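# Structure at a glance
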Amino acid sequence: MASQYNPQDIEEKWQKHWEKIGIHRADNDSKKPKFYSLVMFPYPSGDLHMGHMRVYTISDVISRRMRMLGHNVLNPMGWDAFGLPAENAAIKHSKHPEKWTKENIRFMRDEQLKKLGTSYDWQREVTTCDQDYYGWTQWLFLKFFNKGLAVRKEAAVNWCPDCHTVLANEQVEDGACWRHPETRVEQKKMSQWFLKITDYSEELLKDLDTLTGWPEPVRIMQQNWIGKSTGAELRFVVESKPNVQISVFTTRPDTVFGVSYVVLAPENPLVQELTTADRLEAVNKYIDDTLHKTELERMSTEKSKSGVPIGSFVLNPFNGDVVPIWVADYVLMNYGTGAVMGVPAHDDRDFQFAKQHNLPIKEVISKDGQASPELKEAYTESGKMINSAAFNGLDSETAKEKMTDWAADHACGSKRVQWRLRDWLISRQRYWGCPIPLVHCESCGIVPVKEADIPVKLPIEGVVITGQGGSPLSSDESFLKTPCPSCGKEASRETDTMDTFIDSSWYFLRYADASNKEEAFSRAAVDYWMPVDQYVGGVEHAILHLLYSRFFTKACRDVGLLKASEPFENLLSQGMVTKFSAQSGRIEKMSKSRGNVVGTTDFFKRYGADSARLFTLFAAPPEQELEWSEEGAIGQYRFLGRIWRIVSELIENGVVAPFDGDVNQEKLDASGKAFHKLVHKTIKAVTHDLNRGRYIFNTAIARCMELVNGMYKYAQELSGKSVEGNGNGKTEKPVGDQPNTLAPRGEKLSQEERDLFSFAVKSLLLVLSPMAPHITEELWQRVGYIKKEGDSIHITAWPAFTDALTIDDEIELVLQVNGKIVNKVAAQRGLEKTVAEGLALNDEKVKSKIDGQSIRKVIVVPDKLVNIVI
RNA sequence: GCCUUUGUAGCAGAACGGUAUAUGCAGCUGUCUCAAAAACAGCAGUUUGAAGGUUCGAAUCCUUCCGGAGGCACCA
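Owing to the predicted nature of the structure, the values given are computational and were not obtained by experimental measurement.

The rules we used
Residues numbered from 1 in each chain as written. Chains lettered and ligands numbered in written order. Predicted model: local features only at pLDDT ≥ 70, side-chain atom pairs only at ≥ 80, totals over all residues. Heavy atoms only, no water. Axes fitted to C-alpha atoms, helices over the stretch in contact; angles between N-to-C directions. Helix = DSSP H or I, 4+ residues; strand = E, 2+ residues; numbered from the N terminus. Parallel < 35°, antiparallel > 145°, perpendicular 65-115°, else oblique. Left-handed = near helix turned anticlockwise from the far one by under 90°. Contact = heavy atoms within 4.5 Å. Nonpolar A, V, L, I, M, F, W, Y, C, P; charged D, E, K, R; others polar. Pairing = 2+ DSSP bridges. Buried < 20%, exposed > 50% of the residue type's maximum accessible area, 1.4 Å probe, protein only. pLDDT = per-residue confidence, 0-100. Phe/Tyr/Trp six-rings, centres within 6.5 Å; stacked < 30°, edge-to-face > 60°. Salt bridge = Lys/Arg side-chain N within 4 Å of Asp/Glu carboxyl O. Core = buried A, V, L, I, M, F, W, Y, C linked by side-chain atoms within 4.5 Å. Patch = residues over 30% accessible without salt bridge, like charges linked within 9 Å, V, L, I, M, F, W, Y side chains within 5 Å. Areas by Shrake-Rupley, 256 points an atom, 1.4 Å probe, with all protein chains shown as cover.

Attention shifts here to the packing of helix H18 (residues 600-607) against helix H20 (residues 630-652). Axis angle and axis distance: for two packed helices, these are the angle between their axes and the distance between the axes, and together they describe the pair. Their axes nearest at 11 Å, the elements H18 and H20 cross at an angle of 40°. Between H18 and H20, the interaxial angle falls into the category oblique. For the crossing formed where H18 meets H20, the hand is right-handed. In contact with Phe 603, Arg 606 and Tyr 607 of H18, H20 contributes Glu 630, Ala 633, Ile 634 and Tyr 637. Class assignment for the residues of the contact of H18 with H20 results in five nonpolar, no polar and two charged.

So, about the sheet that holds strand E29 (residues 586-589). Sheet architecture is open: three strands sit in the order E29-E28-E30, paired in mixed fashion. The sheet terminates laterally at E29 and strand E30 (626-627), the two strands that pair on one side only. Bridge analysis of strand E28 (residues 577-581) against E30 gives two bridges, and the strand direction is parallel. The residue of E30 that forms the bridge with Thr 578 is Glu 627.

Closest axis-to-axis distance for the helix H19 (residues 609-618)/helix H24 (residues 773-783) pair is 7 Å, and the angle between their directions is 125°. On the basis of the axis angle, H19 is oblique to H24. Contacts between H19 and H24 involve Ala 609, Asp 610 and Arg 613 from the first element and Pro 773, His 774 and Ile 775 from the second. Tallied by class, the residues present in the contact of H19 with H24 amount to three nonpolar, one polar and two charged.

Attention now goes to H19. Taking burial as the measure, the 10 residues of H19 include nine buried ones, the bulk of the element. Where H19 is concerned, the buried positions are Ala 609, Asp 610, Ser 611, Ala 612, Arg 613, Leu 614, Phe 615, Thr 616 and Leu 617.

All right, on to the sheet that holds strand E19 (residues 424-425) then. Spatially, four strands are ordered E6-E5-E9-E19 in an open sheet, and the strand pairing comes out antiparallel. Two strands in the sheet have a free side with no partner beyond their single neighbour: strand E6 (165-167) and E19. In terms of strand pairing, strand E5 (residues 150-160) meets strand E9 (residues 186-195) through 10 bridges, oriented antiparallel. Counterpart to Ala 150 in the pairing with E9 is Leu 195.

The subject of this paragraph is the environment of Ser 372. Tracing the backbone through its elements, the reader meets Ser 372 in the loop between strand E16 (365-366) and strand E17 (384-385). What makes Ser 372 partly exposed here is its relative accessible area of 31%. Note: C-alpha distance between Ser 372 and Phe 351 (21 residues apart in sequence) is 15 Å.

With that settled, consider the confidence of the model for chain A. The predicted model of chain A has a mean per-residue pLDDT of 90, with 96% of residues at 70 or higher. Of the regions scoring below 50 in pLDDT, residues 722-739 engages in 14 contacts with residues more than four places distant in sequence or in other chains. Taken over the whole predicted complex, pTM reads 0.92, whereas the ipTM for its chain interfaces reads 0.95.

All told, the structure shown has 44 aromatic pairs when counted by the stated rule. Look at Phe 603 and Tyr 607: their rings are 5.2 Å apart centre to centre, the planes differ by 50°, and that puts the pair in the tilted class. Of this pair, Phe 603 and Tyr 607 both sit in helix H18, four residues apart, which is roughly one turn of that helix. Neither Phe 603 nor Tyr 607 differs from the other in exposure class; each is buried. Within the aromatic cluster, the residues linked to one another by ring pairs are Tyr 5, Phe 603, Tyr 607, Phe 615, Trp 628, Tyr 637 and Trp 644.

Another aspect to go through is the pattern of salt bridges. All told, the structure shown has 54 salt bridges when counted by the stated rule. Linking Asp 533 and Lys 34 is a salt bridge whose minimum nitrogen-to-oxygen distance equals 2.8 Å. In this pair, Asp 533 sits in the loop between helix H16 (523-529) and strand E26 (534-538) while Lys 34 sits in strand E1 (residues 34-39), placing the two residues 499 residues apart along the sequence. Asp 533 sits in the buried class, given a relative accessible area of 7%. Between Lys 228 and Glu 202 there is a salt bridge whose closest N-O contact spans 2.9 Å. Note that Lys 228 is positioned in strand E10 (residues 228-238) and Glu 202 in helix H6 (residues 201-206), a separation of 26 residues in sequence. Exposure remark for Lys 228: the relative accessible area of 35% places this residue in the partly exposed category. Overall, the relative accessible area of 40% leaves Glu 202 in the partly exposed class.

Glancing now at the nonpolar core. Core analysis: the biggest nonpolar cluster contains 189 residues, and Tyr 56, Phe 141, Trp 424, Tyr 507 and Phe 757 have the highest contact counts within it. If you tally residues by element for this core, the top one is helix H22 (residues 697-723), at 12 residues. Apart from the residues lying within four places of it in its own chain, the contact partners of Trp 424 are Ala 168, Trp 193, Phe 194, Leu 195, Ile 197, Asp 499, Phe 501, Ile 502, Ser 505, Tyr 548, Phe 551 and Phe 552.

Glancing now at a nonpolar patch on the surface. Together, Phe 313, Leu 315 and Val 322 line one region of the surface with nonpolar side chains, adding up to about 210 Å² of accessible area. With respect to the helices and strands, the residue Phe 313 is situated in strand E13 (residues 308-315). Relative accessible area serves as the criterion here: at 34%, Phe 313 is assigned to the partly exposed category.

If you want it as structure tokens, here you go:
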């Protein structure tokens, strides 16, 4: 009898063996076509669970299959190892962040990722908190600095009181810190370092169109984030102070004849300048009130539109109307010019505001060019111009341009493009990050550290992390004091560290050349590997990491470091893994805090990594959510057990042996032919499902299951024949001392039947091997394919299929009358249309349905159906 | 409020505008067993969220509505 399938006996053995023979190493100099397969590297938080494993499994299957297709595959792994949790853990366990991080990395690498059976090239491992990584991060920063892409500006920035640091706009969600949804960020005015991502706004937007290998939703999210709006800047002269103008940005210059007021943001300095004495008290009170509102209160669209007039008026340059200036908090200081023109008739917010404060509503555009008796709501579409003097009758889209031109001609406005994207704030007042390599010198100002003096090392010894009172770097004299690189006088280092998103914005470049001691990466290496052919990661990075990395790639290109303009050619956003949580009583994202995690170690021990891999691939298509189910996962274990049993018995019974050739189809009986076709159909289907960009693993596995089911059936049929010739579909009772076997005995079969089994087993193992790498390798060896040390199923060529053998000769022809199915008949494939039609018209059931009525039309779909319309 | 996405047996999921259901889980029956488990063999189940429309023919395309998921949100 065959031995029991026991993953523990085989998985670790092969993992070690693969590492030893080095089949996962990428070659920087190869004749094969390159394939760069990348998965978003993890933050080493300590313990991965089954939910995390999904992304690594998906990416690994893609990598393994591309190797079998003859590619030189780069499949690297590393650690996004700087960040706040290390500091928090340090405070909690009084363990240095570096120690904590390194311990986590060891566990996650050796006990989790390796035991999943991933095929990484560990020689290229990168750890962002290592000097030989962050030194190059600093080096890149200096390149950007020298190119004017890194600048220091005073700005209102987001401060998270929990993290004790500032955050970039992208890291604030609903007015709260992305790490602490319960913590409201505060606005502080600070002088900080920024990377000028806005220099690339236009290109970042435009190139989204070239990213056809990205999911549409991600592209749309980036597009919205960049937020380009085209319109005009119009200038309104203040009536009482003709030398002062209020600039407004509008996307609707065509509505300018409908302006009935102008609004300033409370923070706009013009408010102070233009408020008249009699309004001063009211205006100051209003501003004071708004400043005490939370960001959320201010942003709420539900609430009414508050505001007060400031007493001054402006002149509408188009028609000379004198309209009041108001201050209102629905206008934001940090977008556009901090002032808007109020056109109640054609903007929802302005309409609401005007209704509330009894301001005139003047219609200047209507659908048909006719004025409406009374507007019940703002008309925000385009239409025909009315009440707009010389522009009357024009289509409003045309008027937009003409009126902008008019404004330019009369020196009261111009065309303007406004972006939502802001510069990337990268300073962090934290310890566990990459030090910004700059020096503040009293005489020379801000001076970059010399390239030769990089890395600026993060002090490790004697650092005390309390989480209070600023970064430990600012109180570490040995770090702080340094001679000025320019004049040599005593100066002090910048104590801010960089946002950790910088570390992850270029790690994929370092993988290309990870052990380079001279440069961050060699031009030849990155130009060879970049762009990444297939990136896999969670959709939570749709904006943050993916936008930053795109920016970094373009900036590196412009600094002359590489050729590529876009880092990631194809992107797969896998769905999250969920599980029922007893805490909440709901199905939720698998996470520690929700108490619904499934650990890896225990599962690997009981059912093996192959079962875990198969389940996560099988239970849902990759981009959809996946609900973890213990029963479902065990089902995959059962499936692997079925493969193990049948293949083992076929080997033991002398049926299956190494096979390299074609099965002689002619010498097989009907069920042999059918099974032979099933094998070819399976190869075709799995090949198709795993093809680049498709990656529908769930159906691929289902096809493998069909093949295994077919193999059982065929084996049983042949063993029935070989025992007693009983073909009734029931399992034979053991006869005498003969055990109850699944597989026939080899000597009872013909050569062709044995070949067929050998071919079927070989094909099954090959197409399943990227998904279940251990069991397939073990059985591959047991069949006898591994002859010398370097052999492996994983570097064997992907199997081919014969298309002719994937097509059935006989088909079932569906006969319809008026689109309703009346009968199904067996027919030869490839019937002439007229023959098929005749077949249908002569069918008894069809005839009785037609019942002598006249036929209006006959539709024939070849090899599918005939529809008779009466 | 706007945008994206999704709704198919009890559950997870298949299905170029052409037979609604591959595959797994759960369920039921049988073989084996003293019995059970395991294994093996087999069975059953929905008319595709709802209503319209286009079509010879709609799960698939269009419209409206209902439900789920995600994103954006006084961005002028």
